[in-house]
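# A look at the structure
As a plain string of letters, each chain reads:
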Amino acid sequence: MATEAKESGGYLDILRAPHALRLLTGTLVGRLPNGTGPIALVLFVRSEGGSFSLAGGLTAAYGIATAIGQPLLGRAVDLKGQPRVQLPAALISALGMIVLAVAGISPLVLAYAAVVVAGLFTPPLEGGLRALWPSVLGREDRVHRAYALDAVAQEVMFTVGPLLVTLFVALWSPAAALLVINVLGVLGALSVVLSEPSRTWRSAHREAHWLGALRSPGLLALLGSFFFVGLALGSITVSALAYADERGHAAAYGWLMAALGLGALIGGVAYGARQWSGAPERRLTVIVGLLALGYLPLMLTPGVLPMTALTALSGVFLAPALACGFIVVDRHAPTGTVTEAFSWLVTTFGVGAALGSAVAGPAVELAGTTAGFAVAGGGGLVALLVLLATGRVLRVPGRTVRHAAGAGADDAGHAERNAHSSENDRNGVVEPGFSTGRQA
């Protein structure tokens, strides 16, 4: 059951907290290079006279490198702290893209090396921010609401980011756009790591284990589900383009993508304004089920206006699924691995989206646009099945006390409050806030 969350003042209460607005803004700006990387690379390669195949190859190399680097850097953050990892990574990643912008696409070996370096060293700012929220906001209900705000902010970034790239290209050039976006990314990361919460944050002591966060069965179950959520979302981006081409309506693609983002924004805002009873694992299963249900009508491929409405509807439960997923990650990540665990979620979701795009292309070519959207519906249904099949594992949180999120986070009162809150969750007691995300 859900009720309005009047006690904590909603999103404004979060943004008024010391450091919160700076951390959220800095993280979003710091993630611009990654969020806009694919479109910036395609525009740059085409401006240099490169083929679409080369643009796709460089984009794929960048995406794969990012997927590999995120959990590794996340583990380094848990071990070494945020400033010692995030800022050097941001500088090296930006350097890779600057080399590409200056040297161009020839020789190809240098171009590929540049994007691989940029991807591998993309700083795990997304996971780092979620690790900071407990020390910044204190109360668990505020942390939960911040996770929802984070999910909504992601949708804003993925909407505004491409517009910024196209603006910079129009004002200057694709190479200049690459340079400016990456300089902004370094400034965003710098703003985060110079803040007091980032400088003082320390992960809880972690058990030495080569698997790190992946030794948690509950986390593995969640990652398996979100892989297929990512697959569904990735397939929609390709299928929507095929739909626009089929209808001879080029602008329809922009409308569909905007509608998808708008639906996610509406869903995330509405979800974060409520408080929820029961354990978040059970709630996540319901949300993913509704998400899958929203993807199925896309196979009808009606006229542009009805299709735009269906696409908006299909996005409504995306941000709530991410937000609730963040809470489940926090509950199941082994102690001392929270940044790594969140980074694995980003990686899994991203790899799933890339595979969805790869699968939807041949599906459209072989059986038409409906088949492309069928990939989205199938991905959503498999994501639900994974949660249903692993329900017993997910019902047992890996920890009953939250991770140490900063200086002073280990005091007995804080631990007791969190332990009590976790016990309430398992017993179905109404949470004081709500349960809520990353990256795609």
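This part covers the overall build of the protein. Along the backbone of the protein there are 19 helices and two strands. Within the protein, the fraction of its 440 residues that count as buried is 56%. Just so you have it, the protein exposes about 17000 Å², and 71% of that area is on carbon and sulfur atoms.

All right, on to the nonpolar core then. By size, the foremost hydrophobic cluster in this structure holds 102 residues, and its most contacted members are Leu100, Trp133, Leu137, Phe226, Leu284 and Leu318. Looking at this core, the element that brings in the most residues is helix H11 (residues 217-247), giving twelve residues. If we ignore the near neighbours within four places in the chain, the residues touching leucine 284 are Leu222, Phe226, Ala321, Cys324, Gly325, Val328 and Leu387.

We now examine unusual backbone geometry. In this model, serine 106 is joined to proline 107 through a cis peptide bond whose omega is 5°. Turning to its location among the elements, proline 107 is positioned in the loop between helix H5 (83-103) and helix H6 (108-120). Even without a glycine there, the phi angle at histidine 19 is positive, about 75°. Assignment of secondary structure puts histidine 19 in the loop between helix H1 (10-16) and helix H2 (20-30).

What follows is about the side chain of threonine 36. Mapped onto the secondary structure, threonine 36 falls in helix H3 (residues 32-47). Not counting the four nearest positions on each side in its chain, threonine 36 is found in contact with Gly161, Pro162, Val165 and Ile181.

So, about helix H14 (residues 304-315). In an α-helix, one turn spans 3.6 residues; hence positions three or four apart end up facing the same way. Here H14 spans 17 Å end to end across twelve residues, near enough to the 16 Å set by a 1.5 Å rise per residue. Among all positions in H14, only Val304, Met307, Thr308, Leu310, Thr311, Ser314 and Gly315 are buried. The buried residues of H14 occupy an angular sector of 165° when the element is viewed end-on, so they sit on one face. Buried residues belonging to H14 abut H11, helix H12 (251-272), helix H13 (280-295), helix H15 (318-332) and helix H17 (369-389).

Reading the values: rules and limits
Residues numbered from 1 in each chain as written. Predicted model: local features only at pLDDT ≥ 70, side-chain atom pairs only at ≥ 80, totals over all residues. Heavy atoms only, no water. Helix = DSSP H or I, 4+ residues; strand = E, 2+ residues; numbered from the N terminus. Buried < 20%, exposed > 50% of the residue type's maximum accessible area, 1.4 Å probe, protein only. Areas by Shrake-Rupley, 256 points an atom, 1.4 Å probe, with all protein chains shown as cover. Core = buried A, V, L, I, M, F, W, Y, C linked by side-chain atoms within 4.5 Å. Contact = heavy atoms within 4.5 Å. Expected span 1.5 Å × (residues − 1). Arc of directions from axis to C-beta.

Everything listed here is a matter of coordinates, which is why it stays silent on function.
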